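Residues per chain, in single letters:
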Amino acid sequence: MSDEVVYWLQQTLNALQLGSIYALIALGYTMVYGILTMINFAHGDVFMIGAFFCFLLSSMLGLTFAPTLLLTMLGTALLGVVIERLAYKPLRQAPRVSAIITALGVGLFLENFTLALSPYPKHIPMLLENVTWNLHGISLSSIQAVIISLSLGLMLLLDYIVHRTSIGMAMRAISWDKTYVPLMGIPVDLIISITFAIGAGLAGAAGTMYALAYPVIDPYMGITVGWKAFICAVVGGIGNIRGAMVGAFILGGVEIMVVAFFPSTYRDFVAFTLLMLLIVIRPYGILGKPRIQKV
Amino acid sequence: MIALMREQWDLLLENRWLVPILLVIGFGLAFAIPEYNLLSVYVQLILMYAGINIILAVSLNLVNGYMGEFSLAHAGFMAVGAYTAVLLTMKVFPVAGFPFLFPCAVFAGGLAAALLGIIVAIPSFKVRGDYLAIITLAFLMIVKSLIENIDFIGGPRGISGIMKLTTLPWVFFWTVALVWMVRNFIYSKYGRGVLSIREDEIASDLMSVNTRHVKFFAFMLSSFCAGIAGALFAHLLQFISPRIFDITKSTDILIMVYLGGIASIGGSILGATLFTVLLELLRPSTMAALLSWLPSFVFEPLNEHFISHLGVWRMVIMPLALILVMLYWPRGIMGLREFRGFIPRRDREAHHYINPQGEEPDGATDRR
């Protein structure tokens, strides 16, 4: 293969790694939005808590990768349900804005609470043996392979749950209509809790994988990554699960390409300018459908 | 008795001389306090931060509360105003003319921010709701990233060694002037347009409200105020860097607005003041100084186990308080209501038509 093709394939691989972490977080945003039309601004911080769970489990308890990942996902899923029950459920009938502000408050609380408990950045021990394979000049590390394959697997699983199971059908029904669905015997509160649990569990998985790839974690890491994942969800069309995945891989690709061609400090600038233009041109996202407004 | 007092209070509010007299007293105090050291330097500093926060909260309320959009870009406009003004005072203006040229620099900062406000205003013609929130967020990130990449203005290191030109009289002047401007805008023809956009944009368009003009001016006024607040802030803190103006700053302003209550100038003023004062009260040194009158057998254990840990935990207490306020008091302190004194005389009787979502139809709450 020529050098140019190798270079592009390598960059695509890097973009896939970044994009799959973004996708796992973006799914949580988009699922909650689809069901409650609420932006869960605390979601990026659930991702951060996931990374800290991973730190606790791996360095304090000395667990290996698989149990760490599973327990982290379980822990963040529980956290997601607790947040939903305590902070969001009482506000379901309130104006939308108070739910958004509460979410911002929950996010700040999680950040500063973690900061109060662990003021210094933490270093995650090596959970996986880092082997690098060389395929015709393209280098693929074992961590990269695990991140990409695992997140693709989780995404396929989620897609199956949402489109093929009765829980998924209930979720789609609630996002379609909130007035009559409870009358059909669908337990709305339970389904909403399950949605939060799934979203937060995926964020926990993303936190673990992020900690694998970038092993220094701090309480504010969730802000930037969370906002970027949120933007992925919007680019794909918020509320649309497949759209969130598409948006995440687009943003991952754009960021990697910017770093490849410009000084790396321009990454945020170019990425956000492109996103701004995209939203102006296609205000309802790539896979979203324009909603017709009636007076 | 209470009815009589209320009558007297209403009479006082109707008095034409009330506002000028209050203003003169305020200006007198603003000049006298730093001149004769009536209050400690620390309290003066808090007063100035409170003034700047009031400007920010009132102007953000114009977009988020009255117009019903969700803007996160305020910290970005602040940054633009701050950097413009600082570049003017540090690199352009001669040192000799500072007391007189400083307001020009602040004004220029506001103008620069207002011009950039157009960048957000134009997409808002087409995009609404959550997608507009993303555009404002993207704007904030773009501004921050640009500043980090321009080495001439310090890049990520920021600018230090700014002269301390912000004084209490200037903060008082800008706060009064800008709050007055926003209030007049809200109760003008354009302000009615802003409210109609919040209620129903398509319907107001059909009722021949020029929604584009209205949004254009509302965003520009809001970002102008934010720019001026940024310029004042920079010359008070004497150090600016892109990190100061990130998303957490925007979140702070949002908290002030929603704590005070949307679509209420009085609410924003209360919210900003409360936020600033509470955050300062929770500082260990302030708390210790305030509680030092307690007998030592109460104070010592309190200081050891509670107050000395506040430095870290106050940032935990603050969002927790916000969540509790939202859960038990979702409208904030003054949501959709207004102090009677802020309403123009001709609108006082009709005020409850302006805020149709207000609960009490007889307008009784307006008299607070």
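Residues numbered from 1 in each chain as written. Chains lettered and ligands numbered in written order. Predicted model: local features only at pLDDT ≥ 70, side-chain atom pairs only at ≥ 80, totals over all residues.

Caption draft 1: Broad picture of the overall build of chain B. Secondary structure summary: chain B contains 16 helices and two strands in total. Its C-alpha radius of gyration of 21 Å places chain B within 12% of the 21 Å reference for a compact globule of 368 residues. With the principal axes as the frame, chain B shows a C-alpha extent of 60 × 60 × 40 Å. Within chain B, the fraction of its 368 residues that count as buried is 44%. (Helix = DSSP H or I, 4+ residues; strand = E, 2+ residues; numbered from the N terminus. Rg over C-alpha atoms; globule rule 2.2 N^0.38 Å. Buried ≥ 20, exposed ≤ 12 C-beta atoms within 10 Å, placed from the backbone.)

Caption draft 2: Inspection of the overall build of chain A at higher detail. Across its full length, chain A holds 10 helices and four strands. The linear arrangement of helices and strands in chain A, starting from the amino end, is α-α-α-α-β-β-β-α-α-α-β-α-α-α. By the compact-globule yardstick of 19 Å for 295 residues, chain A fits well, its C-alpha radius of gyration being 19 Å. For the C-alpha atoms alone, the extent of chain A along its principal axes is close to 60 × 45 × 35 Å. Across the 295 residues in chain A, those meeting the buried criterion constitute 50%.

Caption draft 3: Quick look at helix H10 (residues 211-237) of chain B. With 27 residues, H10 of chain B should cover 39 Å at 1.5 Å per step; its first-to-last C-alpha distance of 38 Å lies within 8% of that length. Backbone geometry just after H10 of chain B places Gln 238 of chain B at a positive phi near 65°. (Expected span 1.5 Å × (residues − 1).)

Caption draft 4: Quick peek at the interface of chain A and chain B. The partner chain B presents 34 residues to the 36 residues of chain A that form the contact. Elements with a minimum of two residues in the side of chain A that touches chain B: helix H4 (96-117), helix H8 (221-236) and helix H10 (267-281) of chain A. The dominant element in the side of chain A that touches chain B, judged by the number of residues it contributes, is H4 of chain A, at 12 residues. Across the side of chain A that touches chain B, the residue classes tally to 28 nonpolar, seven polar and one charged. (Contact = placed C-beta atoms within 7 Å. Nonpolar A, V, L, I, M, F, W, Y, C, P; charged D, E, K, R; others polar.)

Caption draft 5: Representation of the packing of helix H4 (residues 74-92) of chain B against helix H11 (residues 247-260) of chain B in the model. Residues and elements named next belong to chain B. The contact between H4 and H11 brings their axes to 7 Å, and the two run at 115°. In terms of axis orientation, H4 runs roughly perpendicular to H11. Here His 74, Ala 75 and Met 78 of H4 lie close against H11, whose contacting residues are Ile 247, Lys 249, Ser 250 and Ile 253. The class makeup of the residues in the contact of H4 with H11 is four nonpolar, two polar and one charged. (Axes fitted to C-alpha atoms, helices over the stretch in contact; angles between N-to-C directions. Parallel < 35°, antiparallel > 145°, perpendicular 65-115°, else oblique.)

Caption draft 6: Region of interest: the pairing of strand E2 (residues 132-135) of chain A. All names here are of chain A. Where E2 lies against strand E3 (residues 138-141), four bridges are found, and the strand directions are antiparallel. Directly across from Asn 134, in E3, lies its bridge partner Ser 139. Hairpin connection between E2 and E3: a loop of two residues separates the two successive antiparallel strands, and His 136 in this loop has a positive phi of roughly 50°. (Pairing = 2+ DSSP bridges.)

Caption draft 7: Quick look at the packing of H8 of chain A against helix H9 (residues 241-261) of chain A. Residue and element names in this part refer to chain A. Where H8 meets H9, the axes come as close as 7 Å, and the angle between the chain directions of the two elements is 120°. Judged by the inter-axis angle, H8 sits oblique to H9. In this structure, H8 crosses over H9, and the sense of that crossing is right-handed. When H8 is examined against H9, the residues Lys 228, Ala 229, Ile 231, Cys 232, Ala 233, Val 235 and Gly 236 are found in contact with a partner set consisting of Gly 243, Ala 244, Val 246, Gly 247, Ala 248, Ile 250 and Leu 251. Among the residues making up the contact of H8 with H9, the classes are represented as 10 nonpolar, three polar and one charged. (Left-handed = near helix turned anticlockwise from the far one by under 90°.)

Caption draft 8: Quick look at the environment of Pro 319 of chain B. Tracing the sequence through the fold places Pro 319 of chain B in helix H15 (residues 310-328). Taking the C-alpha atoms as reference points, Pro 319 of chain B and Ile 255 of chain B, 64 residues apart in sequence, are found 8.9 Å from one another. Beyond its immediate stretch of four places on either side in the chain, Pro 319 of chain B contacts Gly 105, Leu 108, Phe 109 and Asn 112 of chain A.

Caption draft 9: Fine view of the nonpolar core. Residues and elements named next belong to chain A. Of all hydrophobic cores here, the largest spans 205 residues; its most connected members are Ala 23, Ala 26 and Cys 232. The greatest single-element share of this core, amounting to 15 residues, is contributed by helix H1 (residues 3-36). Discounting chain neighbours no more than four positions away, the residues touching Ala 26 are Ala 229, Cys 232, Ala 233, Ala 244, Gly 247 and Ala 248. (Core = buried A, V, L, I, M, F, W, Y, C linked by C-beta atoms within 7 Å.)

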